[in-house]
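Observations on the three-dimensional arrangement
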Amino acid sequence: MEERRRRYEEEMEEEELKYGAKHVIKLFIPVSLCMLVVVATMNTISFYRSTNVYMIYTPFTDQNVDNTTKILQSFANAFILLGFIVVMTTVLILLYKFRCYKIIHGWLMISSLMMLFLFTFTYLAEVLRAYNVPIDVYSVALFMWNFGVVGMICIHWRGPLLLQQGYLIMISALMALVFIKFLPDWTTWVVLGVISVWDLVAVLAPKGPLRILVETAQERNESIFPALIYSSAVAYMTTATTDDGAGNGGSGNGSGNGSGNGREANVLFDVRDRHQQQQRRAVAVVSPEQQQQQQRPGEESEVIVVQPQQQQSRRRSSENAPPQLNESSVNPNPNDSSTARTGPPSADTTEEEEDEERGVKLGLGDFIFYSVLVGKASSYGDWNTTLACFVAILIGLCLTLLLLAIFRKALPALPISIAFGLIFYFSTSTLVAPFSDALQGSLIYI
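Residues numbered from 1 in each chain as written. Predicted model: local features only at pLDDT ≥ 70, side-chain atom pairs only at ≥ 80, totals over all residues. Heavy atoms only, no water.

Right, let's talk about helix α7 (residues 209–219) for a bit. Residues Pro-209, Leu-210, Leu-213, Val-214, Thr-216 and Ala-217 constitute the buried set of α7. Taken down its axis, α7 places every buried residue within 165 degrees of arc, on the same side. Immediately beyond the C-terminal end of α7, within one or two residues, lies Asn-221, with a positive phi of roughly 60 degrees. (Buried < 20%, exposed > 50% of the residue type's maximum accessible area, 1.4 Å probe, protein only. Helix = DSSP H or I, 4+ residues; strand = E, 2+ residues; numbered from the N terminus. Arc of directions from axis to C-beta.)

This is the structure in structure tokens:
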């Protein structure tokens, strides 16, 4: 019995490692795509490289002052923007805490409409102008209508996973371009540093707003509003019900796309630890005949009964339907809806639910500020610096994923990557780039 349990736990640990590695790779692709879209836009469309209009949250925009004044103005702008972000984040957490789901959904839907229609139309117009592509207004209107409506359906209801992920990547890229264009030059770098520190506090502090959000969602057995985060697997907002019949959440999913409220500054890096729940149940996989032989009279059974056809299915994939519980088994977690079901669920349903629970999630704010850093670096025309920042962000993401696998709890994804990105940017632009230019001017090649 002990040997069987030990072997089962070892298999589960191995499966968790393989599953985590697969989703790490799935996160690298969308992050890279988002940064590539921003870099390509910054190098081909001049509209996003210069402006005389700035955000209302950054009132100090005079560029004809000395460097000391610019630094002070940049910190002032960054803290004003941070204050607005803190207020709006607190409002969002309070609405979620008191189950004001309809208000949150309305808020997020308005933000999505603005992103999918207004910002996308601006981007499309500048792309057509940059490449000198003639097109009639009716074709543009038809395209915008289809693009926006399909995006609203995929983000706030249901749609193909790849399509939903594509819309979230595009929205993050648009938001990053808006920050790059409408933030003063020096303020952008200070904002990146300040937001990273705020992200660290908001997720790890005992009373941090994002930590409260994660803990509240776990207590209610709910998924966080899926469009506030990018998930490597399907994640829809569902309604969970406890044993006393109380409903725990609203259905549907919201979008974290609002530019005006600063919610993208909120960073969430979350993973569900299924293996921990299975350890609490002291699971042993046996056949019905073995259970009857090993169970002593008057002893409660806490074993999972696996039918012969289910044993083969379990060996093939860890994501198959969970086995049926024995009638006398004890469910230690009444809020665990996966073990409270009666009857064996279908393979398709349980596979989707397993994906919902096990997907690694990265906040849209992470996509945005990663892209802001790389896009801002590329706006100066130095490809060495741009590539250095790109690699630095991916290295920081790797380290964050490693810490996530170790601590198995919500972690901030901005601090390490942004710190590496800033270090690589300033070191490359001030040391490597001048050295490379001097070598090139002297016709010396390494």
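Let's shift gears to the confidence of the model for the protein. Looking at the protein as a whole, the pLDDT averages 75, with 67% of positions reaching at least 70. Low confidence marks residues 235–357, where pLDDT is under 50. Its contacts with residues over four positions away, or in another chain, come to 266 contacts. (pLDDT = per-residue confidence, 0-100. Contact = heavy atoms within 4.5 Å.)

Further remarks concern the nonpolar core. Val-31, Met-35, Leu-192, Tyr-370 and Leu-373 are the most contacted members of the largest nonpolar core, which totals 87 residues. For this core, the element with the highest residue contribution is helix α5 (residues 161–182), accounting for 12 residues. Setting aside anything within four residues of it in sequence, one finds Tyr-370 in contact with Val-31, Met-35, Ile-393, Leu-397, Ala-413, Leu-414, Ser-417 and Ile-418. (Core = buried A, V, L, I, M, F, W, Y, C linked by side-chain atoms within 4.5 Å.)

This part takes up the pattern of salt bridges. The tally for this structure, following the rule as stated, stands at 3 salt bridges. In this structure, Glu-126 engages Arg-129 in a salt bridge whose closest nitrogen and oxygen atoms are separated by 2.8 Å. Note that Glu-126 and Arg-129 are positioned in helix α3 (residues 101–130) at a spacing of 3 residues, about one turn of the helix. With relative accessibility at 14%, the residue Glu-126 sits in the buried group. By relative accessible area, Arg-129 is classed as exposed at 55%. The residue Arg-211 makes a salt bridge to Glu-215 at a minimum N-O spacing of 3.1 Å. On the criterion of helical spacing, the pair formed by Arg-211 and Glu-215 is a turn pair, its members being 4 residues apart in helix α7. Taking relative accessible area as the criterion, Glu-215 reaches 33% and is therefore assigned partly exposed. (Salt bridge = Lys/Arg side-chain N within 4 Å of Asp/Glu carboxyl O.)

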